[in-house]
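Understanding the architecture of this molecule
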Amino acid sequence: MPHATAARFSRTFTTGSIGVLLACAFTASVVLVAQRATRPSAGVITLDAGTTIVIGADEPPALMEAARDLASDFEKVLGRRPRIVSRREDAGRATVVIGYRSAIVQGLRPAAAATNPESFSIAVKRTAWTEAPDVVLLAGADLRGTMYAVYQFAEQYLGIDPLYYWTDHVPARKTRVEIPAALSQSFSAPVFKYRGFFVNDEDLLTGWAPGPPGEHTGIALEVWNKIFETTLRLKGNITAPGTWIFPDEPQVRLAGRRGLIVTEHHAIPLGVNVARWPQNVPYSYNTHPEILQRAWKNAVAAYAPDQEVLWTVGLRGLSDSSYAAFDPSVGNDSHALGRLIGRAMADQVAIVRASRPDASFITNLWQEGARLVQQGDLEIPKGVSPVWADDGYGNLQDGGRVAAGHGAYYHVAMMNGRANQLTEMVPVERIFSELGRYVRAGATEYLLVNTSDIRPVSMTIKAVMETGWKGVADPAADFYRRWSSDQFGSGAAADIAAVYADYFTAPARTTNDGATREYGDQLYHTVARRMMLTALVDGPMYTIASQAPPWVPPRRVDVAPGGAPLSRRNWLRDTTTAEIAACSDAERRWDGVWEKARAAEALVVPERLPFFRAHVMTMIAINRNSNRMLLEVARAIQAAAAGHAAQARDLLAQGLQAIDEIRRAETAAEYGQWKNWYAGDWLTSVSRTREAIQLFAQHLDDPRAPLPSPMLWDWEAYYHIMHYEGDRAVDVK
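Not measured: the values here are computed from a predicted model. (Residues numbered from 1 in each chain as written. Predicted model: local features only at pLDDT ≥ 70, side-chain atom pairs only at ≥ 80, totals over all residues. Heavy atoms only, no water.)

Within the protein one finds 20 helices and 20 strands. In terms of its C-alpha atoms, the protein occupies a principal-axis envelope of roughly 90 × 65 × 50 Å. Looking at the 733 residues of the protein, the share that counts as buried comes to 61%. In the protein, 77% of the contacts between residues at least 6 apart in sequence involve partners at least 24 apart. Roughly 27000 Å² of accessible area belongs to the protein as shown, and the carbon and sulfur atoms make up 52% of that amount. (Helix = DSSP H or I, 4+ residues; strand = E, 2+ residues; numbered from the N terminus. Buried < 20%, exposed > 50% of the residue type's maximum accessible area, 1.4 Å probe, protein only. Contact = heavy atoms within 4.5 Å. Areas by Shrake-Rupley, 256 points an atom, 1.4 Å probe, with all protein chains shown as cover.)

Tallying each qualifying case throughout the model produces 43 salt bridges. Arg517 serves as the salt-bridge partner of Asp391, at 3.0 Å between the closest nitrogen and oxygen. Remark: Arg517 occurs in strand 18 (residues 515–518) and Asp391 occurs in the loop between strand 14 (384–389) and strand 15 (407–411); sequence separation between them is 126 residues. Classification of Asp391 by relative accessible area gives buried; the value is 12%. For Asp701, the salt bridge is made with Arg649, and the minimal N-O distance between the two is 2.6 Å. In this pair, Asp701 sits in helix 19 (residues 686–701) while Arg649 sits in helix 18 (residues 645–668), placing the two residues 52 residues apart along the sequence. (Salt bridge = Lys/Arg side-chain N within 4 Å of Asp/Glu carboxyl O.)

Here the focus is the packing of helix 15 (residues 521–536) against helix 17 (residues 609–641). Packed helices, taken two at a time, are described by the angle their axes make and the gap between the axes. As a packed pair, helix 15 and helix 17 sit with axes 9 Å apart at the nearest point and diverge in direction by 20 degrees. Comparing their axes, helix 17 and helix 15 come out roughly parallel. As for the relative orientation of helix 15 and helix 17, their crossing is left-handed in sense. Residues Asp521, Leu523, Tyr524, His525, Val527, Ala528, Met531, Met532 and Ala535 of helix 15 form the contact with helix 17, whose own contacting residues are Ile622, Asn623, Ser626, Asn627, Met629, Leu630, Val633, Ala634 and Ile637. When grouped by side-chain class, the residues that make up the contact of helix 15 with helix 17 number 13 nonpolar, four polar and one charged. (Axes fitted to C-alpha atoms, helices over the stretch in contact; angles between N-to-C directions. Parallel < 35°, antiparallel > 145°, perpendicular 65-115°, else oblique. Left-handed = near helix turned anticlockwise from the far one by under 90°. Nonpolar A, V, L, I, M, F, W, Y, C, P; charged D, E, K, R; others polar.)

Before going further, it helps to examine unusual backbone geometry. Here Glu118, not a glycine, exhibits a phi torsion of approximately 70 degrees, which is positive. Topologically, Glu118 is positioned in the loop between helix 2 (103–106) and strand 5 (120–126). Glu118 sits in the buried class, given a relative accessible area of 7%. Positive phi, close to 55 degrees, is recorded for Asp513, a residue that is not glycine.

Okay, helix 3 (residues 143–158) next. For helix 3, which comprises 16 residues, the first-to-last C-alpha distance of 22 Å matches the rise-based estimate of 22 Å (1.5 Å per residue) to within 8%. Across the 16 residues of helix 3, 16 count as buried, placing the element largely inside the fold. (Expected span 1.5 Å × (residues − 1).)

Further remarks concern the sheet that holds strand 13 (residues 360–365). The strands that make up a sheet are held in pairs by hydrogen bonds between backbone atoms, and each pair lies either parallel or antiparallel. On the basis of which strands lie adjacent, the open sheet formed by eight strands has the order 11-10-9-16-15-14-13-12 and parallel pairing. Two strands in the sheet have a free side with no partner beyond their single neighbour: strand 11 (261–262) and strand 12 (310–312). Two strands pair when backbone bridges link them, and strand 15 and strand 16 (residues 446–450) are joined in this way by four bridges, in the parallel orientation. Residue pairing across strands places Tyr410 opposite Val449, the latter belonging to strand 16. (Pairing = 2+ DSSP bridges.)

Inspection of every chain in the model, using the stated rule, returns 29 aromatic pairs. Considering the side-chain rings of Trp277 and Tyr283, the 4.9 Å spacing of their centres and the 75 degrees angle between planes classify their relative orientation as edge-to-face. Each of the two residues, Trp277 as well as Tyr283, counts as buried. On the numbers, 5.3 Å between centres and 85 degrees between planes, the contact of Trp674 with Trp677 is edge-to-face. (Phe/Tyr/Trp six-rings, centres within 6.5 Å; stacked < 30°, edge-to-face > 60°.)

Another aspect to go through is the pairing of strand 2 (residues 52–55). Covered by surrounding structure in strand 2 are Thr52 and Val54 together with Ile53 and Ile55, the residues of both alternating faces. Of the strand pairs in this sheet, strand 2 and strand 3 (residues 83–85) are connected by three bridges, and their pairing is parallel. Within strand 3, the residue paired with Val54 across the bridge is Val85.

A word on the layout of surface pockets. Of the pockets and cavities examined, the second largest pocket occupies roughly 380 Å³. Together, 20 residues line the second largest pocket, and Arg144, Lys193, Tyr194, Ile261 and Glu308 are the ones closest to its centre. When residues of the lining of the second largest pocket are traced back to their parent elements, those giving at least two are helix 3 and strand 12. Considered class by class, the residues forming the lining of the second largest pocket number eleven nonpolar, two polar and seven charged. (1 Å grid on protein atoms, 1.4 Å probe; cavity = no way out; pocket = protein on both sides within 12 Å on 5 of 7 lines; lining within 4 Å. Points joined across faces, edges and corners; volume = space filled by probe spheres on them.)

Inside soluble globular proteins, nonpolar side chains tend to come together where they are buried. By size, the foremost hydrophobic cluster in this structure holds 229 residues, and its most contacted members are Leu70 and Phe153. Sort the elements by how many residues they give to this core and helix 17 lands first, with 18 residues. Membership of the second largest hydrophobic core comes to twelve residues, among which are Val54, Trp129, Val135 and Ala139. (Core = buried A, V, L, I, M, F, W, Y, C linked by side-chain atoms within 4.5 Å.)

Quick look at helix 12 (residues 458–470) now. With 13 residues, helix 12 should cover 18 Å at 1.5 Å per step; its first-to-last C-alpha distance of 18 Å lies within 8% of that length. Among the 13 residues that make up helix 12, 13 are buried, leaving the element largely enclosed by the rest of the structure. A positive backbone phi angle near 80 degrees is found at Gly471, which sits one or two residues after helix 12.

Here we come to the packing of helix 13 (residues 476–488) against helix 17. Two elements in contact, helix 13 and helix 17, have axes whose closest approach is 10 Å; the angle formed by their N-to-C orientations is 145 degrees. Note on element contacts: helix 17 touches helix 13 through Phe611, Phe612, His615 and Val616, opposite Trp483, Gln487 and Phe488.

So, about the pairing of strand 13. Within a regular strand, side chains alternate between the sheet's two faces. Most of strand 13 is tucked away, with five of its six residues classed as buried. Bridge count between strand 12 and strand 13: three bridges; the pairing is parallel. Each bridged residue has a counterpart across the sheet, and for Leu310 the counterpart in strand 13 is Ser360. With respect to chirality, the unit in which strand 12 leads through helix 9 (residues 334–355) into the neighbouring parallel strand 13 is right-handed. For strand 13 and strand 14, the ladder comprises five bridges, and the chain directions are parallel. (Right-handed = clockwise from strand over helix to strand, strands pointing away.)

Encoded structure:
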């Protein structure tokens with residue numbers, strides 16, 4: 001495994017050796033309704049290296065894992081791992097008690113104990129125990145509420161960053177932690193009922209930490225465990241653990257053991273991995289409904305009986321595409337398509353409820369789903385919560401139809417050839433504006449954030465997850481400042497907050513239908529490669545439908561919606577002109593952001609410089625140099641077309657220099673456990689852009705040089721992401 005060896009983790013499900021960060025605390029005034037008691041302080045309770053953690057042996061395994069995480073947190077702060085004991089007789093004088101159903105905690109709960117789902121409390125309680133007359137009690141209304149009490153305590157009193165694994169933040173070392181003896185905090189239920197991660201288009205994670213032989217996963221289970229821990233520390237309760245997966249994969253079972261509810265990618269209703277649909281088996285709910293019904297029943301049965309599932313229902317094609325593309329009978333009839341999808345959803349609900357009568361359901365209104373509902377062509381079955389998706393840039397696509405009981409599927413990273421995969425792109429202002437609109441509408445049933453590979457978009461993940469827990473509490477400017485202070489030190493907060501604000505306004509952008517869409521890191525490279533290929537190959541281009549079954553044939557991509565060929569030369573002329581204008585305009589802004597970030601670097605506390613350079617400087621370098629690369633490539637293509645070969649060579653050399661600057665920044669960010677982090681860059685694919693520039697330059701010297709393949713490289717990522725599945729196919733028997 002490239003990022004770590006098994007020896008770096010003492011056990012599969014305990015906290016790893018990566019450090020945690022200094023206080024990113026929700027204080028009592030910041031967390032939703034945490035309230036400190038008004039009675040006067042009677043001193044402090046001191047927790048030190050002799051602290052014990054008491055948790056009843058009859059508590060659920062997921063809560064035991066949270067207790068082990070807390071023990072690891074204590075070790076990072078105090079230098080010694082506390083004993084975890086199951087009997088009060090084994091408690092020491094400095095004791096933390098965890099529990100919600102064990103007899104140990106029944107007599108200790110506050111008089112006004114948390115009762116709403118996922119609510120919890122943190123309090124100092126007087127006991128009749130000989131060795132521990134006063135204890136810190138972490139208790140919740142239910143399992144997850146109690147887990148959140150554990151992680152809230154770790155964040156608020158030990159200084160543990162919920163995202164520590166991804167931000168490399170080590171907490172301050174102390175000899176003791178003092179807790180007010182009068183402490184009594186209560187935390188109410190979250191704003192959004194369901195909240196969590198969708199690890200989607202997971203190319204960097206797959207390339208960096210592939211599942212070892214025998215695990216039968218795309219990403220190593222030790223990393224999945226850290227993903228689930230992060231979700232819980234951010235007070236999430238759901239996870240979609242991968243894109244094209246089967247319902248019985250080991251990370252699904254691990255999520256259950258961690259106490260998370262599993263939900264599903266919008267394109268795999270009930271967990272049917274249609275990207276592995278068997279060859280020569282009809283995929284038509286119109287002509288062969290019994291085949292799809294068998295697949296749905298088999299997928300439902302493949303989940304462990306005790307696994308909590310929030311079921312996704314719907315009907316899409318054999319990839320992340322419309323079902324209409326696979327069924328000519330509804331291809332041009334929105335009303336017929338809507339009726340068929342509605343019938344499929346009703347059948348899926350019935351299949352699940354036959355074995356799980358109390359099941360809960362959502363349907364993602366992604367692309368055609370949103371259109372069909374807005375047109376009145378799709379009626380969602382009773383008991384299924386509608387979830388509106390954004391466009392990949394943070395603009396939710398409900399068209400003003402969002403209502404109470406609805407939910408949101410929200411991207412902070414997006415694989416579409418134009419948005420972001422390696423860097424932050426969605427401004428926090430937009431996150432707060434759009435999700436705040438849902439909170440005001442009462443559309444708080446569901447909030448799934450598309451995290452892609454997590455580390456590059458850690459800041460906006462936190463913005464979304466905080467909103468899921470407490471709603472929109474602060475202006476975006478305050479969030480940038482708080483994040484910057486927590487991550488880089490209070491002395492750097494104002495300057496780095498200003499860097500973030502300028503960063504999100506630096507890219508070129510388009511505005512359609514009132515929605516702003518920034519140039520993400522993918523766009524520069526997708527467009528540059530397509531322009532150079534068009535300039536060299538005067539013929540059709542093809543793509544392999546990488547998120548479809550392997551037997552699906554390549555598809556011609558240079559045709560208009562009606563099937564007529566596009567004018568490739570006109571496209572090339574118009575695109576080079578447009579990109580020269582857009583990237584020239586953005587270049588000054590990117591240079592300004594870079595210089596502002598370099599100045600702010602001197603203010604960062606020394607121990608946080610590696611993450612500052614990896615998260616802030618590298619993301620600016622990727623976008624700034626990608627913008628420059630696209631500008632130089634577009635100019636080179638125009639120069640070559642005008643017969644100015646020498647000028648074109650010079651421009652391409654500058655484009656290669658920009659690519660090399662990106663790689664230098666990425667290499668600097670691959671420190672410690674992040675060695676080879678960018679090895680799996682198959683979606684933005686900076687290395688493929690470099691190859692394309694070199695090949696184009698060769699043709700300036702020798703028109704007979706080898707031509708590039710007309711096959712676009714967008715298939716490569718999912719070849720690697722799904723490779724572990726081998727020839728496994730959906731069970732339709």
